[in-house]
Structures are given as C-alpha cells and as structure tokens.
Amino acid sequence: MSDRPSTTPTAVGPVDADGRGLTAAEVAERVADGRVNHVPSDPSRTTSQILRANVLTPVNAIIGTLLVLIVIADGIGPDMLFGGVIVANSLIGTIQELRARAALDRLAVLNTPHAVVVRDGETAELEVEQVVADDLLVLSPGAQVVVDGEVVTSTGLELNESLLTGESDPVHKQPGDEVMSGSFVAAGSGTFRATKVGADSYAASLAGAAKEFTLVHSELRDGINMILKFLMVALPPIAIVLLVRLWGTSEDWRDALSGTVAAAVAMVPDGLVLLTSLAFMAGVVKLSRRNALLRELASVELLARVDTLCLDKTGTITTGEIVAAGVEELDGRSGAGADGAAPGDGDGPGPSVDEMLAALAASDPDPNATLLAIGRAHPDDPGWALVDTVPFSSARKWSAASFDGHGALFLGAPEFLAPGDAEVADRVGEQAALGRRVVLLATASGLTGDELPDDLHPRALVLLEDDIRDDAEDTLGYLSEQGIGLKVISGDHPGTVAAVATRAGVPDAQRVMDARDLPLDDDEALAEAVESHTVFGRVKPEQKRAMVRALQSRGHVVGMTGDGVNDVLALKDADMGIAMGAGSAASRAVAQLVLLENRFSVLPGVLAEGRRVINSVERAANLFIYGTVYSVCMALVITVVGTDYPFLPRHLTLVRSLSVGIPGFFLALAPDPRRARTGFVPRVIRFAIPAGAIAAAAALTVYFFAREVADTSLVDARSAATITLLAVGLLLLLRLTRTLPPWRWILVGSMAAGIVLVLAIPFASEFFDLVRPPETVWEAIGVTVLVAAIAVRFVPVTADGGEVVELPDRFRPPSRKERADRTPAA
C-alpha cells in the first residue's frame, strides 16, 4: 500500500452556516483559471540530469576516446580492460545521487501536511495541491498552514512561525491578521481564507530563490578536475607526436596506435576518479548508519574543511520547545483561596504553587506552548472542579480559570498582571537578563470577566526557557576544540539567543549583535561585523544569506545548519548546508547533509569521516599522479629516441592494478584521523614528479639494456620493463605508507606475489603477453631496482602531515554487537 494519502476528499463534519466556504462551482472556476496551489518542485536534479552529470565527465570522455582507438588498432581484446573504469565511475555516482533523492522523497511523503478545507458547509481533508484561492481552511493545534491567507475566526489562535522567521515565540492571531505558509498552530484554533497559493506564497517564494541545483564545492574533486583539464590540453599533442614517431619506427601502424594508446591510458589517472568515488561512497554508507543522509558523494569531505559553522538556534541548538526552568515564589505575598480567603487562613494552609500550576495546565484542553511546558513540569493534576475560564488574549496578555472551592488562578505577562510592582519588575528583569521568559501566577477570589479583579495577588514567577538538545553542548564543545568557529543566528531577541548559546557551551557567546544594526550596504563592514561577533539576534532570512557570503569573502569555509524555510537561502549558499530531518522540505532539498533523526551529535562523526576520506584519497592520489608523470616522461623519451613503446595497454593495466589501483583502494578505506589541510594538488605534485621520474628512468634503463645490450626480443624487453616498473611502484608504495600499521607489508607482499603468479601461470602470462626475461636482464633489473630504492628514500612524502585527532568514544556509533544487544528479542 502506498504511503501517499488519497486525493479523494475525506468528509470530517459540518460547520456553522456562516462559514460555508466555497461551493463546488466556485472551486471548479478557480481550478479552470489556474488559481490552485501548485507548489514549485524542489531544487533537485531529474534522473536524466543525474545520468548526464555522472556519465558525461572529462575522464569518461578521455577514456572513451582511447577505448575506441584501441578497438580500431587491436579489435576487442585484453587491451580494453582499462575501459571498465567508465562503467564503474558512472554507476557509483549515479546510484548514490538517486539513492539520496529517493530517501528525501520518502521523507517528504511522511512529512507532507494536509489541508482541512470548508466547502459547501462541510469540512474535508485534502492534499495541499487541491487547495484553491479563497478556500476557507480550518486550523487546529499541531496543524500546518499550507498557503498564505487572512484569519477569519480565532479562538486563542497562536502560530509558531519559527520555520519562516526564526523567532520561536508563538504569535497570537486575530481576525484580519495575515498567516503565512510554513507556520504551525501552537495553540488554539480558527479558520483563515486563502489569499496566496502556489508559487505566490511566502514559503514558496523563499524556496524558489534556491531552486537552481548546484554541485557542492569539493577541493578533492576540483583538484582532480584541474589535473584532468591539464591532461586534456597536454595529452593530444604528446600523443600525436608519439604516434607519428612510432609510425615511422614500427612495422605495423596498429602497433604504433597501440603503443600510443598505452602511453595515453597511463597518463590518465582514471582509477583516481573511481577510487575517490569509492572512498566517498564508503563514507556515505558509514554515515547512513548514523542516519545522516548525504545528497552527493563529494559532500562527505565538506565538514572536514569547514572552519566556520553558522547555527540556527531554533530547531538546531534547541528542540523548538520551551521548558519550565523553575518557579520563584514571591515571599511575603498572600493569595486568595476559596471564598477569597488567603492561603493559610481558615482550616489549614492553602494550595501550593505546584498544585495551582498543575490545575491550570489540566484545565485547558488546547494548551498553548506555555501551558504545555508548565504541564510537563507539574503533571500531578489535583482534580479541582473547573467552574469557568477566560481564554488567553494577545490584547489582555493573560488567561485565567476559577475552581470550585479554590478561587481563581491567573497566568500571564507580569507587566499586565502586576503593573507598577517594583519587586516583580526587578525579579523579571534579572531572569530576562539570563535569557528566560517569565510569566506571573496570581490568585483572586473569583473571575470578573475580561477585567482583572481588585483582590488579585501575585504568587509566583514561572520561569521558562528554550529546551537545549541533549547532545548540543558536547557536540558544540568538540567542534570548537577542532578549530571550527561557531556563529549562532536567530530571529529571536539577541539577549535570548546569547543566553541559549551560553547554556549550549558556545565560546564567546557574550559577543552579541542585533542584526538590525548590520551594515548591509557595506560589504567590508558587514564582513568585519560578522567575523567579530558570535551571536546574532533579530536576523531576517535575507540577512542570513548575506552573513554567509560575508564570511566566505574573508576566506572562510562556511557550514550552515537549519530546519526552516527561512534558512533555505543561507543553506544553499553555504559551502555545506546541514538540515534537520524534521525541518521543512525546502531546507532538506537544498542541504548537502540531512540529519534524519535530528541528532546533532552526528556531526563529529561526519567530521571524522570527512577527514578520513580527504587524507586517504590524498595518499592514494600520490600513486595515481605519479603514474601520470612516469607515462609522460617515457612518452617524451621514446619520442626523442624513436623506438617501440616499452608497454602494451594490458601491461600498464597490470602494473597500475598491482602497484596503484588495488593498494590505492585499501589506502582510500584505511582509517586516517589527521586534521584536514588545504593544498591538495601542490602536495601531490611534490611527490609525483620525483617519484614518476625515478620510475620512468628505472623502466627505460632496463628496457634499453634488454633491447640494445642484451639484444633480447621486444616481448622480453617489455616484460623486463613491466617487472621493473612494478617493483619501483611497490617501493614507492612502501615509502608512501611508512606511517601506517604493519598490515602495509602484507599489502605490498601480496601485490609482489601477484606479478610472480602472472609469470608462473601460463594462461596469465599469455593473456598479459609476458615472459620471464633472460638471466642477464634479471641482473640488470636487480641493480636498477636497488638504485631506485635508494633514490626513493629522498622523495618527499607530504601526505603524512597534519595533526592526529581521534574521535572521542562518546561520538562513535554503536558496534554491530551493541546494536544487536539493544534489539529486543522477538
């Protein structure tokens, strides 16, 4: 059965005759006019776009061209092995992006709101897309506003607009007030008339600004693409010159073309693209076990490069709810009990403040956020008989309830319930400075309608504060220790945001700024203001985007967390956008990382996995790029000397598999907790050029010795060059992995055994066109490899730098055994 709800309206019940809504004819007229709620699609790529992006890549184009040339030269055969990388590269990237899109689509279906609409005097539950302009929609606690509109009726209606504005305080709505799509009903109920539908709604307009899909910025991917672009320029002239030279020295044009393709294939680090994709995929799979969904493969490296993380307060650091932080009884105050008697008079002491608060919380069937928080802190309902209530009003700023035998209880803003009371004002000010919200509990003998009674007595201050996520303090502390600067951004009052940031352990939370004072018309002043402050309040959605760009202008790699539509623009422009799974669909659609379980503590694991990928891929990249260097060196030498090329394509496929590809695979998956560094390409080049020169010199020395001195056949000389090149490659592998655990010896030994097996097994040696060289050539191989081993010791290995930072145990995911132990037996 599909999870998607039926499009058939579901009858809910009748409504009053004065709110009958649109008729069927009026609905049909609006549908015909196109005034329907067609929501713009999310900014994600279509299947055809995903396929094109992953198949039509520079490396696939180069390898594909060479594959066609080798088929022309030798037909279908072993020399085509290198073409398999095209399929692997294309499949891995395509599968991951389709997988991520499917997961987001499933999440969107689960979180899709519905609309309760009044038509012809009956209410019906519809899909959001079926709402039309001028529809009358019903709002109840927990419901989401699906289109913009104007309030028609209100019974204590309060909306949570934090996903739109970033402000967590519920907003009270009266008839005639505007409501915006993307907000939720926090308390009360009411109806509203749809005024803006589809792309005209506020939430859709914000999401539409981020509709265009853009790839994430990946230093690894950009560095590899830079190398590929250089090769696309350099390879054709080198290949053409080599082909002309070989054509003049070879007996058959096919041999010349085959030698040229072999040289060109070796120049292209095709396996590096594949290996990078595999390393990214391994990271994606590991993070998926933590319920962290990455949109693209390259996203796995981003958090490891982020140096500034912008945090949306509501829904990210906090849960989005308020909690009771305590009660301060007002000493020396007496409140009225039953029949106006003060507590403590008569037969015994009056009810306690805890009992009063519990009674108030239990008296309202549709409590607002304040009463919900009080009810959670005071769950023991004393069972008082409710006589009458006065609902909360944004004009009065208080609500009240009277109970049989216990008088009346009032709850509301202190400045309205106790105006002019200096003690109350002072104590409220003290708590407000700590970022807390304060409501006053007062008592009286009874209710007097919408007016406050003369015998009203303040009894206690109820302290409320934002609920900090359990994992926020540990996570933010760890990220700060790792050198990531934290910026807390919110639409709330700056003092409230600073208090939350302080409680969550954000360093320098006292450096606060009101976003209304940001110099938006001066880019340099804006960048200075954003960089020099930590906490920002009263921030508007467009200001978040400007703040991210200002930090980027100072050279920062910026991450942004958020869950609302108001965060969409900033999430899209940030180097890495991180969205909560329970947030808006628009924020999930533009973010590179979605925390499906809303667990902030996943971020340290994402950081560690990104470091592993960056460092491991860099180590493996050294192997692949050195292969490009020795290929270019040999091509240039052969062009000058004018002789047969030392290798067939299958020879280089074997060498690159045993000395580069397979070892690189293990290196790319190996743990590596070093801190990530910039400068990927320069470090790789510093290793690859001397390493490639040594390998080329060794292979050519043995090849020319076998051909000119030992006077062996071309097959013997090529076999000797292949063995030499592989031996030097394994020496470089040992050099590159010298800081890794002892298992590296097993890896290198296994690769050496591979070439021995190829030479020893007739079928394998015939397949790769290899023979065992004569004894004199073996001696030359031994001497050459010994000299190369000495030279290899002087090759700079810059991939080993960086501070080692182990992930604390508290952030490690549970092991398979621990997960199994937690699963209850059937």
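Our subject is the structure listed above.
Residues numbered from 1 in each chain as written. Predicted model: local features only at pLDDT ≥ 70, side-chain atom pairs only at ≥ 80, totals over all residues. Heavy atoms only, no water.

Caption draft 1: Structural detail: the overall build of the chain. Of the regular secondary structure elements, the chain holds 29 helices and 22 strands. In the chain, which comprises 826 residues, the share counted as buried stands at 53%. Residue pairs in contact within the chain that sit at least 24 positions apart in sequence constitute 74% of those at least 6 positions apart. On the chain, roughly 34400 Å² of surface is accessible, and the fraction owed to carbon and sulfur atoms is 57%. (Helix = DSSP H or I, 4+ residues; strand = E, 2+ residues; numbered from the N terminus. Buried < 20%, exposed > 50% of the residue type's maximum accessible area, 1.4 Å probe, protein only. Contact = heavy atoms within 4.5 Å. Areas by Shrake-Rupley, 256 points an atom, 1.4 Å probe, with all protein chains shown as cover.)

Caption draft 2: Up close: the sheet that holds strand β9 (residues 292-294). The mixed open sheet is built from eight strands, whose spatial order is β9-β22-β21-β20-β10-β17-β19-β18. The open sheet terminates on both sides in strands that have one partner only, identified here as β9 and β18 (512-514). If you compare each strand with its neighbour and ignore which way they point, the axes differ by 20° on average. Direction of pairing for strand β21 (residues 576-580) relative to strand β22 (residues 593-595): parallel, over a ladder of three bridges. Paired with A579 across the strands is V594, a residue of β22. (Pairing = 2+ DSSP bridges. Axes fitted to C-alpha atoms, helices over the stretch in contact; angles between N-to-C directions.)

Caption draft 3: Up close: the pattern of salt bridges. A full pass over the atoms with the stated rule returns 24 salt bridges. Of the charged contacts in the structure, one is a salt bridge between D134 and R30, with a shortest N-O distance of 2.9 Å. Separated by 104 residues along the polypeptide, D134 in the loop between β3 (122-127) and β4 (136-139) and R30 in helix α1 (residues 24-33) bring together distant segments of the chain. Relative accessible area serves as the criterion here: at 27%, D134 is assigned to the partly exposed category. In this structure, the salt-bridge partner of R503 is E465, at a minimum N-O distance of 3.3 Å. (Salt bridge = Lys/Arg side-chain N within 4 Å of Asp/Glu carboxyl O.)

Caption draft 4: Representation of the environment of V323. Its place among the elements puts V323 in strand β11 (residues 318-329). Remark: the alpha-carbon pair of V323 and A373, spanning 50 residues in sequence, is separated by 4.9 Å. With residues near it in sequence (within four places) discarded, V323 still touches A373, L463, L464, E465, D466 and D467.

Caption draft 5: Up close: the pairing of strand β15 (residues 437-444). Counting buried residues in β15 gives eight out of eight residues, a clear majority hidden from the surface. Burial along β15 is two-sided: R437, V439, L441 and T443 and V438, L440, A442 and A444, pointing in opposite directions, are all buried. Judged from the seven bridges that link them, β15 and strand β16 (residues 457-468) form a sheet pairing that is antiparallel. Counterpart to T443 in the pairing with β16 is H457.

Caption draft 6: Summary view of a negative patch on the surface. A cluster of acidic side chains, namely E329, D354, E355, D380 and D381, defines a negative patch on the protein surface. Within the secondary structure layout, E355 lies in helix α12 (residues 353-363). Residue E355 is classed as partly exposed on the basis of its relative accessible area of 34%. (Patch = residues over 30% accessible without salt bridge, like charges linked within 9 Å, V, L, I, M, F, W, Y side chains within 5 Å. Lys, Arg positive; Asp, Glu negative; His and termini not counted. Charge placed at Lys NZ, Arg CZ, Asp CG, Glu CD.)

Caption draft 7: Highlighting the sheet that holds strand β13 (residues 398-403). Strand order in this open sheet of six strands is β11-β16-β15-β14-β13-β12, and the pairing throughout is antiparallel. Taken across any chain shown, the strands that pair with only one partner, and hence form the sheet edges, are β11 and β12 (386-393). Pairwise comparison of adjacent strand axes, ignoring direction, gives a mean angle of 20° for this sheet. In the packing of helix α17 (residues 494-503) onto the sheet, contacts are made with β11 and β16, and the angle to β16 comes to roughly 60°.

Caption draft 8: A look at the packing of aromatic side chains. Throughout the structure, instances matching the rule amount to seven aromatic pairs. Their ring planes at 65° and their centres at 6.2 Å tell us that Y645 and F647 sit as a pair that is edge-to-face. Overall, Y645 belongs to the buried group, its relative accessible area being 1%. Taken together through their ring pairs, the aromatic side chains of F763, F767 and F768 make up a single cluster. (Phe/Tyr/Trp six-rings, centres within 6.5 Å; stacked < 30°, edge-to-face > 60°.)

Caption draft 9: Layout of unusual backbone geometry. Residue N598 is not a glycine yet carries a positive backbone phi of 60°. The topology assignment puts N598 in the loop between β22 and α22 (603-641). On the basis of relative accessible area, N598 is assigned to the buried category, the value being 18%.

Caption draft 10: A look at α17. Of all 10 residues that make up α17, seven are buried, and the element is covered over most of its length. Restricting attention to buried positions, one finds in α17 the residues P494, T496, V497, A498, A499, V500 and A501. Here the buried face of α17 lies against α11 (313-317), β11, β16, β17 (485-489), β18 and β19 (535-537).

Caption draft 11: Up close: the side chain of D575. Inspection of the secondary structure assignment puts D575 in the loop between α20 (568-573) and β21. Buried D575, no salt bridge; nearest opposite-charge side chain is R305, N-O distance 9.9 Å. One polar contact links the side chain of D575 to the main-chain amide nitrogen of V558, over a distance of 2.7 Å. Residues within four places of D575 in sequence aside, it is in contact with L302, Q552, H556, V557, V558 and Q592. (Polar contact = N/O pair within 3.5 Å; in protein donor to acceptor, adjacent residues only side chain to side chain.)

Caption draft 12: The arrangement of the packing of helix α24 (residues 680-709) against helix α25 (residues 714-736) in detail. The interhelical angle for the contact between α24 and α25, taken along N-to-C directions, is 155°, at an axis separation of 8 Å. What the angle tells us is that α24 and α25 run roughly antiparallel. By crossing handedness, the relation of α24 to α25 is classed as right-handed. Contact residues: α24 offers F687, A691, I694, A695, A698, A699, V702, Y703, A706 and R707, while α25 offers L714, A717, R718, A720, A721, T724, L725, V728, L732 and L736. Its residues placed into classes, the contact of α24 with α25 shows 17 nonpolar, one polar and two charged. (Parallel < 35°, antiparallel > 145°, perpendicular 65-115°, else oblique. Left-handed = near helix turned anticlockwise from the far one by under 90°. Nonpolar A, V, L, I, M, F, W, Y, C, P; charged D, E, K, R; others polar.)

Caption draft 13: Looking closely at helix α26 (residues 743-760). In a regular helix each residue adds 1.5 Å, so 18 residues correspond to 26 Å; α26 covers 26 Å between its end C-alpha atoms and thus fits that length. Residues R744, L747, V748, M751, G754, I755, V758 and L759 constitute the buried set of α26. Projected down its long axis, α26 carries its buried residues within an arc of 135°, all on one side. α26 presents W745, I746 and V756 as exposed residues on the side facing more than 90 degrees away from its buried surface. If you follow the buried residues of α26, they end up packed against α23 (649-669), α25, α27 (762-767) and α28 (775-792). (Expected span 1.5 Å × (residues − 1). Arc of directions from axis to C-beta.)

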